[in-house]
Amino acid sequence: MSDSVRRVEIRTPEGIVFPMRIAGPVRRFLALLLDQAVVLAASQVASGLLRGLGLLSWDLYAAASALTYFVLATGYPMALEWKWRGQTLGKRLLRIRVIDEQGLRLRFSQVAVRNMLRFADSLPAFYLLGGAFAFFSPRGQRLGDIAGNTLVVWHPRTRAPDLDQVLPGTFNSFREYPHLVARLRDGVSPAEAGLALEAILRRDRLSPDARVDLFRELADHFRGIATFPAEGTDGLSDERYVRNVVDVVFRETPG
Amino acid sequence: MIIDMRRFVEAERPFWTELEQMLDVIEKDPAATLNVERARRLHYLYQRVSADLARTATFSFEREIRAYLEALVSRAYGEIHGTRERPHRFEPLGWLRQTFPRTFRRHIRAFALSCALLAGGGVLGGGLLALRPEAKAQLMPPFPHLMLDPAERVSREEEAATSGDRLAGQKAHGAVAYFTHNTRVSLLVFASGVAWGMGTILLLFYNGVLLGAVAADYTLAGQSTFLWAWLLPHGSVEIPAILIAGQAGLVLGGAVLGWGRRLGLRARLRRVVPDLVTLVGGIALLLAWAGFIEAFLSQYHAPVLPYGLKIGLGAVQLLMLSLYLWRGGRGEVGSR
């Protein structure tokens, strides 16, 4: 469940490539446990509802209860993955989803086969075989996924980015020196600019010492590319210096 | 090159939001259809956001925005390209009358191999029991009634039959137990075919050994009439169902192996998966029927139910099932 996730790249006919994050075995197993708890709870509720039948005939009650459990255990993942586009309750809570291996919409036969093969994946116990396949296969597929041409991907929560947090429209003394800004934009590579932007976005996650060291190194690097006069940089911390650099590099015209 | 991120985001964000809202609506109701105008708009937005994603991939860009665009494009891609096949309504009667028997016949060679494996195991199991009767406990399923001497069991069953309905109040429960157990076994026989067919081959052969040993035990003890009368009413449906599970497992294994086929693994599997689902669906129906017969009929012996009647019923069932699988869906449009 860490960030060290495997990815698979989907290439669309339009030539766009986008990565999908493969859901790890731990996250999948937790989703499975949640689903099994749901099935157990639902079969208990159904059994309670059927209790009236027991007054009529214990045989019918036992038959209906056993059948309900069997239908729920085998039908629940199939029905929900089909109805909810690759998600069950457990998968939904853990933000994972079954998708077609080529990123297309799932077909019912794929959902059915990947769930039927649970009987092989769950061998010898606790999904050891399926878990081992999911762990070692490059696309994180258990046997059912291989047979059904499916992948289980993880969609971390995404939200529309808040750009104001990154580039607040405050006064930037560097803009007083357009020729130096031009030199900076010319000299800073996209990779360096991206690195500085990442540093600003993640600054609050750094320890105080690491934060000071990182921004000092970045500021020194940028000072080497374009040296702004002392009156433009007086009182600027290294962090503020880097933010000014990022601002002028990512924004062509003053905001 | 570096682009003006703020201006870019401000200009494009309305389109991202619109696409996100549209996808939310579609995903909430998968059965809903879009009118032409909405479908065109969805396609336009997908292309526009795809282009935005391409720009962020080319230029130095903020990671969070890229992740957001990637998620949007992947969702839209699944919606737009995944609906190429015209969805059709499932028709149970048409499926039963045509689809299942035709699918069965399409893979008849796998069924023949499945039969050969079970029969091969049966010959071995029967032969071993005939040669080494003392190995009965190792060769036969570990059920107490099977460990008895066949003649003793038959006399016990016939005696019990005269002293009232010993299965009263258990039959419905029993039918479900037989159905669920046999379905699990069949699914395991099928699913283990993913191991290049090896799992299916082993399980079919192993079940053949068990079956052959039981048959030999009763036949050698001169109780073959009881054996047929006991097994045929439900076995005439249950054993074909297991054989079809073996057939499905072998088809799956064949697709994994891909001998002599130019298609890649994914294409081979994509081609057989609908047939596998059809076969397993048929197996479930057959086993539901077999479970009912086993609980309500097979366990009753003479004099309650004459052996001739039970054997006759089993034979008729087997004949009807064979006819259905052989002739079902022939002579109709698209038949094979």
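Just above, that's the structure.
In this text the structure is predicted, and so the values were computed from the model without any measurement. Just so you know, the residues in each chain are numbered from 1, in the order the chain's sequence is written. To read the labels, note that chains go from A and ligands from 1, taken in the order they are written. Where totals are concerned, whole chains, interfaces and linings use all residues; where local detail is concerned, this predicted model gives features only for residues with pLDDT of at least 70, and gives and counts side-chain atom pairs only at 80 or more. With hydrogens and water set aside, each side-chain value is computed from the structure's full complement of heavy atoms.

A. Representation of the overall build of chain B. Helix and strand assignments follow DSSP, with helices taken as H or I runs no shorter than four residues and strands as E runs no shorter than two, numbered in order from the N terminus. A tally of regular secondary structure across chain B gives 13 helices and zero strands. In sequence order, the secondary structure elements of chain B are arranged as α-α-α-α-α-α-α-α-α-α-α-α-α. The dimensions of chain B, computed from C-alpha atoms along their principal axes, are 90 × 40 × 35 Å. For chain B, with 336 residues in total, the buried portion stands at 49%. Two residues qualify as a contact provided that any one of their heavy atoms is within 4.5 Å of a heavy atom in the partner residue. Within chain B, counting contacts between residues at least 6 apart in sequence, those at least 24 apart form 78% of the total. With residues, only the protein chains shown are counted as cover, and all accessible areas are computed by Shrake-Rupley using a 1.4 Å probe. About 16,900 Å² of surface is accessible on chain B, with carbon and sulfur atoms providing 63% of the total. Here chain B contributes 37 positive and 28 negative side-chain charges, whose respective centroids are spaced 8 Å apart. A 1.4 Å probe rolled over the protein chains alone gives each residue an accessible area, and that area as a share of the maximum for its type sets the label: buried under 20%, exposed over 50%, partly exposed in between. Charge counting follows a simple rule: Lys and Arg are positive, Asp and Glu are negative, and His as well as the terminal groups are ignored. The atom standing in for a charge is NZ when the residue is Lys, CZ when it is Arg, CG when it is Asp and CD when it is Glu.

B. Geometry of the overall build of chain A. When its secondary structure is counted, chain A shows 14 helices and four strands. The quantity called the radius of gyration is restricted to C-alpha atoms. Its globule counterpart is 2.2 Å times the number of residues to the power 0.38. For chain A, the C-alpha radius of gyration of 28 Å lies well beyond 18 Å, the compact-globule estimate for 255 residues. Here the C-alpha coordinates of chain A stretch approximately 95 × 40 × 30 Å along the principal axes. Each of the 255 residues in chain A was classed as buried or not, and the buried ones make up 48%.

C. Main features of the side chain of Glu81(A). Residue and element names in this part refer to chain A. Structurally, the position occupied by Glu81 is in helix α3 (residues 58-83). Of the residues examined, Glu81 reaches a relative accessible area of 0% and is grouped as buried. At a separation of 3.2 Å, a polar atom in the side chain of Glu81 contacts the side chain of Asn115. Not counting residues up to four positions away in its chain, the partners in contact with Glu81 are Gly86, Gln87, Thr88, Lys91, Val98, Leu106, Val111, Arg114, Asn115 and Arg118. Within 3.5 Å is the distance limit for a polar contact, defined as a pair of N or O atoms, with the added protein rule that one can donate a hydrogen and the other accept it, and that residues adjacent in sequence qualify only through two side-chain atoms.

D. View of the packing of aromatic side chains. Within 6.5 Å between ring centres, the rings of Phe, Tyr and Trp (the latter by its six-membered ring) count as paired, and their orientation is classed by plane angle as stacked under 30 degrees, edge-to-face over 60, tilted in between. For the structure shown, the criterion picks out 18 aromatic pairs over all chains. Ring geometry for Phe100(B) versus Tyr324(B): centroids 6.2 Å apart, planes at 45 degrees, classification tilted. Here the residue Phe100(B) occupies a position in helix α4 (residues 92-106), and Tyr324(B) occupies one in helix α13 (residues 307-327), the gap between them amounting to 224 residues. Exposure remark for Tyr324(B): the relative accessible area of 24% places this residue in the partly exposed category. Cluster of aromatic residues (ring-pair linked, three or more members): Phe174(A), Tyr177(A), Phe228(A) and Tyr241(A). One Lys or Arg, Arg223(A), reaches over the ring of Tyr241(A) and ends 4.6 Å from the middle of that ring. When the ring centre of Trp230(B) is taken as origin, the NZ or CZ atom of Arg153(B), which lies over that ring, is 4.2 Å away. Criterion for a charge above a ring: Arg CZ or Lys NZ at most 6 Å from the ring centre, at most 35 degrees from the ring normal.

E. Looking closely at the sheet that holds strand β2 (residues 17-22) of chain A. Residues and elements named next belong to chain A. A strand pair is defined by DSSP finding two or more bridges across the two strands. Taken in spatial order, the four strands line up as β1-β2-β4-β3 in an open sheet, and their pairing is antiparallel. In this open sheet, the two edge strands, each paired with only one partner strand, are β1 (7-11) and β3 (96-100). Pairs of neighbouring strands in the sheet enclose a mean axial angle of 50 degrees, with direction left out of account. Of the pairings in the sheet, the one linking β1 to β2 comprises five bridges and is antiparallel in character. Bridge pairing links Arg11 to Val17 in β2. Inter-axis angles, ranging from 0 to 180 degrees, are taken between N-to-C directions of lines fitted to C-alpha atoms, where helices are fitted over the stretch in contact.

F. Region of interest: unusual backbone geometry. Residue and element names in this part refer to chain A. Residue Pro124 is bonded to the preceding Leu123 through a cis peptide linkage, with omega at -15 degrees. Looking at where Pro124 falls in the secondary structure, it is placed in the loop between α6 (118-121) and α7 (128-136). Residues other than glycine seldom take positive phi values, yet Arg95 does so here, at roughly 55 degrees.

G. Quick peek at the interface of chain B and chain A. Taken together, the contact between chain B and chain A spans 62 residues of the former and 68 residues of the latter. Two parts lose some accessible area (1.4 Å probe) when they are put together, and adding that loss for both gives the buried area. For the pair chain B and chain A, the two sides together bury roughly 5,900 Å², of which 64% comes from carbon and sulfur. Every case where a carboxyl oxygen of Asp or Glu lies within 4 Å of a side-chain nitrogen of Lys or Arg is listed as a salt bridge. For the pair chain B and chain A, the interface holds two salt bridges. In this structure, Arg270(B) engages Asp100(A) in a salt bridge whose closest nitrogen and oxygen atoms are separated by 3.1 Å. The tally of links from chain B across to chain A stands at eight residue pairs in polar contact (both at pLDDT 80 or more). Elements with a minimum of two residues in the side of chain B that touches chain A: α1 (5-28), α2 (36-58), α3 (63-81), α9 (171-191) and α12 (265-298) of chain B. Considered class by class, the residues forming the side of chain B that touches chain A number 33 nonpolar, 13 polar and 16 charged. Throughout this entry, Asp, Glu, Lys and Arg are counted as charged residues, while Ala, Val, Leu, Ile, Met, Phe, Trp, Tyr, Cys and Pro are counted as nonpolar. The remaining residues, Gly among them, count as polar.

H. Structural context of the environment of Leu321(B). Residue and element names in this part refer to chain B. Secondary-structure assignment places Leu321 in helix α13. Look at Leu321 and you get buried, because its relative accessible area is 11%. Remark: the alpha-carbon pair of Leu321 and Ser236, spanning 85 residues in sequence, is separated by 8.5 Å. Excluding anything up to four places from it in sequence, Leu321 contacts Ser236, Val237, Pro240 and Leu286.

I. Representation of the pairing of β2(A) in the model. Residues and elements named next belong to chain A. Here β2 lies mainly inside the structure; five of its six residues are buried. Between the end of β1 and the start of β2, which pair antiparallel, lie five residues, with Gly15 showing a positive phi angle near 85 degrees. Note that β2 and strand β4 (residues 150-154) share two bridges and pair antiparallel. Directly across from Arg21, in β4, lies its bridge partner Trp154.

J. Local environment of the nonpolar core. Put simply, buried Ala, Val, Leu, Ile, Met, Phe, Trp, Tyr and Cys residues joined by side-chain atoms within 4.5 Å make one nonpolar core. By size, the foremost hydrophobic cluster in this structure holds 57 residues, and its most contacted members are Met116(A), Leu117(A), Phe190(B), Ile244(B), Leu252(B) and Leu276(B). Those residues in contact with Ile244(B) that sit more than four places away from it in its chain are Phe100(B), Phe104(B), Phe111(B), Leu279(B), Ile283(B), Leu286(B) and Leu325(B). One finds Ile16(A), Ile22(A), Phe228(A) and Ala76(B) within the second-largest nonpolar core, a separate group that totals 56 residues.

K. Local environment of helix α8 (residues 150-162) of chain B. Residue and element names in this part refer to chain B. Under the convention used throughout, the expected extent of a helix is 1.5 Å for every residue step, that is, one less than its residue count. With 13 residues, α8 ought to run about 18 Å at 1.5 Å a step, and its terminal C-alpha atoms sit 19 Å apart, in line with that. For α8, the full list of buried residues reads Pro150, Arg153, Val154, Glu157 and Ala161. Taken down its axis, α8 places every buried residue within 100 degrees of arc, on the same side. Turned more than 90 degrees off the buried face of α8, the exposed positions are Glu159 and Thr162. Buried residues along α8 sit against α6 (136-139), α7 (144-147), α10 (198-220), α11 (224-257) and α13. Remark: Gly164 follows α8 within two positions and exhibits a positive phi of approximately 90 degrees. Throughout, the arc means the angular range of directions from the helix axis out to the C-beta atoms.

L. Layout of the side chain of His234(B). Residues and elements named next belong to chain B. Of note, His234 is situated in helix α11. One polar contact links His234 to Ser298, side chain to side chain, over a distance of 2.6 Å. Apart from the residues lying within four places of it in its own chain, the contact partners of His234 are Ala290, Ile293, Glu294 and Ser298.

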